[in-house]
Amino acid sequence: SGLLRRMNRDQIEGVLGHEIAHVANGDMVTMTLVQGVMNAFVMFFARVIAFAIGQNVKEESRRTTQFFVTFLLEIVLGILASMVVAFVSRMREFRADAGGARIAGRDKMIAALEGLRRSTELVETEHAALATLKISGRGGVLALFSTHPALEERIARLQRA
């Protein structure tokens, strides 16, 4: 409701176009499948590597070693997998922006993103519960874990298109 109060009709059409593009592109199903495949890879490779390492350990400590190696590898590989999932999500966002531009018009989609940028600047990030409401991407290494690209980058891509 806050966005509806802050955005004009053109901006709202841009947001709706973006969300309709997500639905039309099957993004929820795609992201669910990507996450599932990445989880399967994490579990498979963690166990294969732990098994290989366990073969070089004495028989009496093999199971314990394999358990801890599997545990550690699932954490490390899970972090790497989340970077892949976030990358795919960012690419889907760009695609939904382009779809929103086709549906509502490029100017309306750009206006919607600019309206979002102005709205996210109003959210206080000191409070952890409110920080989750920000839809902007993070900078630096943390950008690898962001599911949405920076609003500035999204706007620039649409302006170049």
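Rules used in this analysis
- Residues numbered from 1 in each chain as written.
- Predicted model: local features only at pLDDT ≥ 70, side-chain atom pairs only at ≥ 80, totals over all residues.
- Heavy atoms only, no water.
- Helix = DSSP H or I, 4+ residues; strand = E, 2+ residues; numbered from the N terminus.
- Buried < 20%, exposed > 50% of the residue type's maximum accessible area, 1.4 Å probe, protein only.
- Contact = heavy atoms within 4.5 Å.
- Areas by Shrake-Rupley, 256 points an atom, 1.4 Å probe, with all protein chains shown as cover.
- Phe/Tyr/Trp six-rings, centres within 6.5 Å; stacked < 30°, edge-to-face > 60°.
- Expected span 1.5 Å × (residues − 1).
- Axes fitted to C-alpha atoms, helices over the stretch in contact; angles between N-to-C directions.
- Parallel < 35°, antiparallel > 145°, perpendicular 65-115°, else oblique.
- Left-handed = near helix turned anticlockwise from the far one by under 90°.
- Nonpolar A, V, L, I, M, F, W, Y, C, P; charged D, E, K, R; others polar.
- Arc of directions from axis to C-beta.

S.K.: Explain the overall build of the protein to me, please; I cannot follow it from the model alone.
M.R.: Tallying secondary structure elements over the protein gives seven helices and zero strands in all. Along the protein, helices (α) and strands (β) appear in the sequence α-α-α-α-α-α-α when read from the amino end. For the protein, buried positions account for 31% of its 161 residues. Within the protein, counting contacts between residues at least 6 apart in sequence, those at least 24 apart form 73% of the total. Carbon together with sulfur atoms contributes 65% to the accessible area of the protein, which is approximately 10300 Å² in total.

S.K.: I would appreciate a short explanation of the packing of aromatic side chains in the present structure.
M.R.: In this description, an aromatic ring pair is defined by two values, namely the gap between the centres and the angle between the planes. For the coordinates displayed, the defined rule picks out three aromatic pairs. Taken together, a centroid distance of 5.9 Å and an interplanar angle of 20° make the contact between F41 and F45 stacked. Of this pair, F41 and F45 are both found in helix α3 (residues 27-54), four residues apart, which corresponds to roughly one turn of the helix. In this structure F45 comes out as partly exposed when scored by relative accessible area, which is 39%. Ring geometry for F67 against F68: centres 5.2 Å apart, planes inclined by 80°, an arrangement best described as edge-to-face. No difference in accessibility class separates F67 from F68, as the two residues are exposed.

S.K.: Just checking my understanding: could you explain helix α4 (residues 62-104) for this structure?
M.R.: Along an α-helix, residues three or four apart share an orientation, since each turn contains 3.6 residues. For α4, built from 43 residues, the straight-helix expectation of 63 Å at 1.5 Å per residue is met to within 8% by its first-to-last C-alpha distance of 60 Å. At the C-terminal side of α4, G105 shows a positive phi close to 115°.

S.K.: Would you explain the packing of α3 against α4 in this entry?
M.R.: Two quantities define a packed helix pair, namely the angle between the axes and the distance from one axis to the other. Two numbers describe how α3 lies on α4: the axes approach to 7 Å, and their chain directions differ by 155°. Here α3 is positioned roughly antiparallel relative to α4, judged by the angle of their axes. Regarding α3 and α4, the two cross each other, and that crossing is right-handed. Split by residue class, the contact of α3 with α4 holds 19 nonpolar, eight polar and five charged.

S.K.: Sorry, what's going on with the packing of helix α2 (residues 9-25) against α4 here?
M.R.: Across the interface, α2 lies against α4 with an axial gap of 7 Å and an inter-helix angle of 120°. For the element pair α2 / α4, the angle class is oblique. Taken as a pair, α2 and α4 cross one another with a handedness that is right-handed. Note on element contacts: α4 touches α2 through R92, E93, R95, A96, D97, G99, G100, I103 and A104, opposite E13, G14, G17, H18, I20, A21, H22 and N25. Of the residues assigned to the contact of α2 with α4, the class counts are five nonpolar, seven polar and five charged.

S.K.: Which parts of the structure should I look at to understand the environment of G99?
M.R.: Within the secondary structure, G99 sits in helix α4. Of the residues examined, G99 reaches a relative accessible area of 4% and is grouped as buried.

S.K.: Would you mind going over helix α7 (residues 151-160) with me for this structure?
M.R.: Taken residue by residue, α7 has L151, R154, I155 and L158 as its buried positions. Angularly, the buried residues of α7 cover 95° about the axis, an arc narrow enough to put them on a single face.

Just distances and angles here, no functional claims.
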